[in-house]
Amino acid sequence: MAILTIAAVAACGGPPRRVVTDIGIGSGQSIQGGFVGGAVPALGDSAPHVWTSGHPYNHQVHGVDVSRYQGGVDWDAARRAGVSFAFLKATEGADHSDPAFRTYWAQTRAAGILRGAYHFYYFCRSGAEQAAWFIANVPRERGALPPVLDLEWNHASRSCKHRPSPAEVQREVNTFISMVSRHYGQRPIIYTTVDFYHETGVRRINAEFWLRSVADHPRQTYPGQNWTFWQYTGTGTAPGFQGNVDLNAFAGSRAQWNRWLAARVQR
């Protein structure tokens, strides 16, 4: 398992391509407290803000995560714009599947975008039940990215108000990970949010991490935590998408991305 900790690199110079807001970081051309640059200039943000501890824009590898709410997607346009990977919502709990999953799964493959499936965890069903549901709905496919387990408090849930203890979270998540790892031959990545991470001790679980941090760099939000993916905005914009989309950066360079893929795609 390859776990990377790569700091965001400084902004490059060159001809103006896009304005991103950042202070105290980078050496690009300054424009009203920001700079011009970015490794994937076609990607943007409909609600940009000032980054104080590092920014995502000069990471070389970016991707999206989607569910049915994205509606129709032109995946070819997304790939041409620099979307290198996509994580697709497949399942939730032990009885819900995303109605767009199979369509997106086929379309991303046809467009040549590397993709994986994620499961949204539900705290009123066991880890074993949820792992079995994910396995029943997501094909084991050569070249797919590792499965992802999405762990976050769902304050809007009308059917499940249970907030398990850290011990219960870790026990049930480890059961899910064990079952899914055996089936797909790759250990799942854990996606999590700031409050869930700090309240449940999920950092103790043996996994790669995909961290949500939309207001600051993960080094500030999750001190000392290794990470492989960074979800840096929920208001991103990208060719091929009709509205906002979550944008994510891989921790390393393009060469490190290729090495990570060699170790982590499904066989």
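Residues numbered from 1 in each chain as written. Predicted model: local features only at pLDDT ≥ 70, side-chain atom pairs only at ≥ 80, totals over all residues. Heavy atoms only, no water.

With that settled, consider the side chain of Glu152. On the secondary structure map, Glu152 appears in the loop between β9 (148–151) and α4 (166–184). The buried charged residue Glu152 lacks any salt bridge partner; its closest oppositely charged side chain belongs to Arg212, at an N-O distance of 6.5 Å. Non-local contacts of Glu152, meaning those with residues more than four positions away in its chain, are made with Phe120, Phe123, Tyr191, Thr193 and Phe196. (Helix = DSSP H or I, 4+ residues; strand = E, 2+ residues; numbered from the N terminus. Buried < 20%, exposed > 50% of the residue type's maximum accessible area, 1.4 Å probe, protein only. Lys, Arg positive; Asp, Glu negative; His and termini not counted. Salt bridge = Lys/Arg side-chain N within 4 Å of Asp/Glu carboxyl O. Contact = heavy atoms within 4.5 Å.)

Moving on: the confidence of the model for the protein. In this model, the protein carries an average pLDDT of 88, and 86% of its residues clear a pLDDT of 70 or more. Across residues 1–36 the pLDDT falls below 50, and counting only partners more than four positions away or on other chains, this stretch makes 98 contacts in the model. (pLDDT = per-residue confidence, 0-100.)

Residues Val64, Trp75, Ile190 and Phe241 are the most contacted members of the largest nonpolar core, which totals 55 residues. Ranked by residue count, the leading element in this core is α4, at six residues. Each residue touching Phe241, except ones within four places of it in the same chain, is listed here: Val64, Val66, Gln70, Val73, Trp75 and Ala78. (Core = buried A, V, L, I, M, F, W, Y, C linked by side-chain atoms within 4.5 Å.)

A word on the state of the cysteines. A complete count under the given rule lists one disulfide for this structure. The disulfide bridge from Cys124 ends at Cys160, spanning 2.0 Å between sulfur atoms. Given an S-S torsion of about 90°, the disulfide between Cys124 and Cys160 has right-handed geometry. Within this pair, whereas Cys124 is found in the loop between β8 (114–120) and α3 (127–137), its partner Cys160 is found in the loop between β9 and α4, the two being separated by 36 residues in sequence. According to the relative accessible area criterion, Cys124 is partly exposed, its value standing at 37%. In this structure Cys160 comes out as buried when scored by relative accessible area, which is 7%. (Disulfide = S-S within 2.5 Å.)

Side chains carrying opposite charge are able to pair once their charged atoms draw close together. Applying the stated rule across the entire model yields eight salt bridges. Linking Glu141 and Arg115 is a salt bridge whose minimum nitrogen-to-oxygen distance equals 2.9 Å. Taken together, the residues span a long stretch of sequence, with Glu141 in the loop between α3 and β9 and Arg115 in strand β8 at a distance of 26 residues. Exposure class is identical for Glu141 and Arg115. Each is buried. Residues Arg163 and Glu199 are paired through a salt bridge, measuring 3.0 Å at the closest nitrogen-oxygen approach. Taken together, the positions of Arg163 in the loop between β9 and α4 and Glu199 in helix α5 (residues 194–200) put the pair 36 residues apart, joining distant regions of the chain. Overall, Glu199 belongs to the partly exposed group, its relative accessible area being 42%. Each of the salt bridges in this network shares a partner with another, and the network as a whole consists of Asp95, Arg125 and Glu129.

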